[in-house]
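Residues per chain are reported as follows:
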Amino acid sequence: MKPLTELQIRAKLKELNEWEYANNALQTSFEFNSFKDAFSLMTRIAFEAEKLNHHPNWTNVYNYLEINLSTHDADGVTEKDFELAKIIDDLAG
C-alpha cells in the first residue's frame, strides 16, 4: 500500500471528526466518564481492527484514550488508516 501525500491527507481529514495529522500519523483522543467506558470503546475498536488486519497504536490511562494511526509497512498514512479512523468515529458516535 502506498502512503498518501500530505496534501491528500489534509483533504481527507475533512471527512473525519476531530482527527489531526502529526508525526506522520492520524491522531485523536477521547475522554470518558470512566475507565469502563474507555475500555468498552477500545474493545469495539479491537474487533473492527482485527477484521481489517490493521491495528491502532493507542494509549489508555483511566478514562483517557489516545489513538494514532499509520501504516507501518508503507511508512506513512494510507487509505487503510482513514478506513479505520472512520470506523472509530462511527463507534465513538
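To start, this report covers the structure provided alongside it. (Residues numbered from 1 in each chain as written. Predicted model: local features only at pLDDT ≥ 70, side-chain atom pairs only at ≥ 80, totals over all residues. Heavy atoms only, no water.)

1. Observations regarding the pairing of strand S2 (residues 25-31)
The side chains of a regular strand alternate between the sheet's two faces.
And step 1. Burial within S2 is extensive, with five of its seven residues counted as buried.
And step 2. Here strand S1 (residues 20-22) pairs with S2 via three bridges, running antiparallel. Bridge pairing in S2 places tyrosine 21 opposite leucine 26.
And step 3. The hairpin turn running from S1 into S2, its antiparallel successor, is two residues long, and asparagine 23 in that turn takes a positive phi close to 55 degrees.
And step 4. One ladder, built from six bridges, connects S2 with strand S4 (residues 64-69); its direction is antiparallel. When the bridges of S4 are listed, glutamate 31 appears paired with tyrosine 64. (Buried < 20%, exposed > 50% of the residue type's maximum accessible area, 1.4 Å probe, protein only. Helix = DSSP H or I, 4+ residues; strand = E, 2+ residues; numbered from the N terminus. Pairing = 2+ DSSP bridges.)

2. Describing the environment of asparagine 57
And step 1. Residue position: asparagine 57 is located in strand S3 (residues 57-61).
And step 2. Sequence spacing of asparagine 57 and isoleucine 67 is ten residues, and the spatial spacing of their C-alpha atoms is 5.9 Å.

3. What about the packing of aromatic side chains?
And step 1. By the definition in use, this model includes two aromatic pairs.
And step 2. Taking 5.6 Å as the distance between ring centres and 35 degrees as the angle between the ring planes, the aromatic pair formed by phenylalanine 35 and phenylalanine 39 counts as tilted. Of the two residues, phenylalanine 35 and phenylalanine 39 are both situated in helix H2 (residues 35-52); the distance of four residues between them amounts to about one turn of the helix.
And step 3. Accessibility expressed as a relative area gives 43% for phenylalanine 39, which makes it partly exposed. (Phe/Tyr/Trp six-rings, centres within 6.5 Å; stacked < 30°, edge-to-face > 60°.)

Scope: geometric values only; no functional claims are made or implied.
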